[in-house]
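# Structural overview for review
For reference, the chains in residue letters:
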Amino acid sequence: MPHADSSLVPDKIQTKTEFWDHVYSQLEGLLDGQRSWVTNLANASSLIYNSLLAFPIHFGNENKAVNWCGFYIDSHLFPSPRISKVNTDAHDSNRLLLGPFCGKPACQFIYIAPGKARGVCADAFIKRQTLVVPEVDLYPGHIACDGETKSEIVCPLILDVKGSVQALGVLDLDCLASNGFDEDDKVGLEKIAALVVKACDW
Ligand code: SME
């Protein structure tokens, strides 16, 4: 099967639970044999984004779809540059850096340092819990990368090594409609986040 076909959604899939189970099994195939988080997160964001666009049932009759799906990753996990002509503090400070994504351009980094942290991604990362935001305009500190976004869900990437728990980054999805995401999406995305964490070397 061509890789692109993994984001097709068969007609027999009708519920969100079936949808997320389907995306999970497609992602297992896409991640097989690869441990690079850059490569795997690139395919994961593309798969989730394009599968959601291929499944209009997800957003009901509003005909307004997901408009962004991607990752922000702890800056310390990015490889140090081997060749650099410019001094940058990107690796020195407590930030999430923009990782692989699908959608329009987005902010390069998000502060997670105490006193500076702001927005849904930083909150989900710090609290290590998924945040479902039905109306982004009502969320204190929300960072608007796209003024058209109305709702959002952010799921942390959690690595648990023998009880030592670490947040690696977040998976962020935006929607053009209010109330775009619900409990089914939370459950589905948390399973997908766990699969991504397990499938990669960090
Ligand atoms: N809205 C996010 C910022 C990232 S963009 O949505 C892609 C936030 O408040 O953290």
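Residues numbered from 1 in each chain as written. Predicted model: local features only at pLDDT ≥ 70, side-chain atom pairs only at ≥ 80, totals over all residues. Heavy atoms only, no water.

### So, the side chain of Gln26
Formally: Each helix is a run of DSSP H or I of at least 4 residues and each strand a run of E of at least 2, with the numbering of both proceeding from the N terminus. Relative accessibility under 20% of the residue-type maximum defines a buried residue, over 50% an exposed one, and the middle range a partly exposed one, all with a 1.4 Å probe and only protein chains included.
Looking at the secondary structure, you find Gln26 in helix H1 (residues 16-31). The exposure class of Gln26 is buried, given its relative accessible area of 19%.

### Quick look at the nonpolar core
In plain terms, the rule: Each nonpolar core is a collection of buried residues, namely Ala, Val, Leu, Ile, Met, Phe, Trp, Tyr and Cys, held together in the definition by side-chain atoms within 4.5 Å.
By size, the foremost hydrophobic cluster in this structure holds 41 residues, and its most contacted members are Ile48, Leu171 and Leu173. Counting residues per element, the ones that place at least two in this core are H1, helix H2 (37-53), strand S1 (66-74), strand S2 (95-103), strand S5 (151-161), strand S6 (164-175) and helix H4 (183-199).

### A short note on the packing of aromatic side chains
Stated precisely, the cut-off is as follows: Pairs were defined over the aromatic rings of Phe, Tyr and Trp, the Trp ring being its six-membered one, requiring ring centres within 6.5 Å. Orientation was assigned from the angle between planes: stacked under 30 degrees, edge-to-face over 60, tilted for the rest.
According to the stated counting rule, one finds seven aromatic pairs in the structure shown. Where Trp68 meets Tyr72, the ring centres are 5.9 Å apart and the plane angle is 25°; that geometry is what we call stacked. For the pair shown, Trp68 and Tyr72 are each scored as buried. In textbook terms, an aromatic cluster arises when at least three aromatic residues are bridged by ring pairs, as seen for Phe19, Trp20 and Phe55.

### Details of the site of the ligand
The criterion, for reference: Note on definitions. A residue lies near a molecule or strand when any single heavy atom of the residue is within 4 Å of it. Distance and chemistry together define a polar contact, namely a pair of N or O atoms within 3.5 Å, with one atom able to donate a hydrogen and the other to accept it when in protein, and with adjacent residues in sequence counting only for side-chain atoms on both sides. For the area figures, the Shrake-Rupley method with a 1.4 Å probe applies, and any residue is considered shielded solely by the protein chains shown. Of the grid points, spaced at 1 Å and generated over the protein atoms alone, those admitting a 1.4 Å probe that cannot get out make up cavities, while open sets with protein on both sides within 12 Å along at least five of seven lines make up pockets; any residue with an atom within 4 Å of a point is treated as lining. A molecule is said to be in a cavity or pocket once over half of its atoms fall within 2 Å of that pocket's grid points. For this scheme, ten residues count as nonpolar: Ala, Val, Leu, Ile, Met, Phe, Trp, Tyr, Cys and Pro. Four count as charged, namely Asp, Glu, Lys and Arg, and the remainder, Gly too, count as polar.
Taken together, Trp68, Tyr72, Ala106, Gly119, Val120, Cys121, His142, Ile143, Cys145, Glu152, Asp172 and Asp174 form the complete shell of residues around the ligand. Here a nitrogen atom of the ligand and a backbone polar atom of Ile143 are 2.7 Å apart. Contact distances for the ligand include 2.9 Å between an oxygen atom and a side-chain N or O atom of Asp174. When the ligand is considered free in solution it has 300 Å² of accessible area, and contact with the protein chains removes 99% of it. Judged by the fraction of its atoms near the pocket grid, the ligand is located in the largest cavity. Classifying every residue of the shell around the ligand gives seven nonpolar, two polar and three charged.

### Some words on H1
A turn of α-helix holds 3.6 residues, and therefore any two residues three or four places apart point the same way. Filter applied, for reference: Working rule for helices: expected span equals 1.5 Å times residues minus one. The arc in question is the one traced by the directions running from the helix axis out to the C-beta atoms. For this analysis, residues touch if any pair of their heavy atoms sits within 4.5 Å.
With 16 residues, H1 extends 22 Å between its outermost C-alpha atoms, agreeing within 8% with the 22 Å of an ideal straight helix rising 1.5 Å per residue. Residues of H1 that are buried: Lys16, Phe19, Trp20, His22, Val23, Gln26, Leu27, Leu30 and Leu31. Each buried residue of H1 lies within a common arc of 160° when the element is viewed along its axis, so the set occupies one face. Looking at the packing, one finds that the buried side of H1 touches H2 and H4.

The analysis is restricted to geometry; functional conclusions fall outside its scope.
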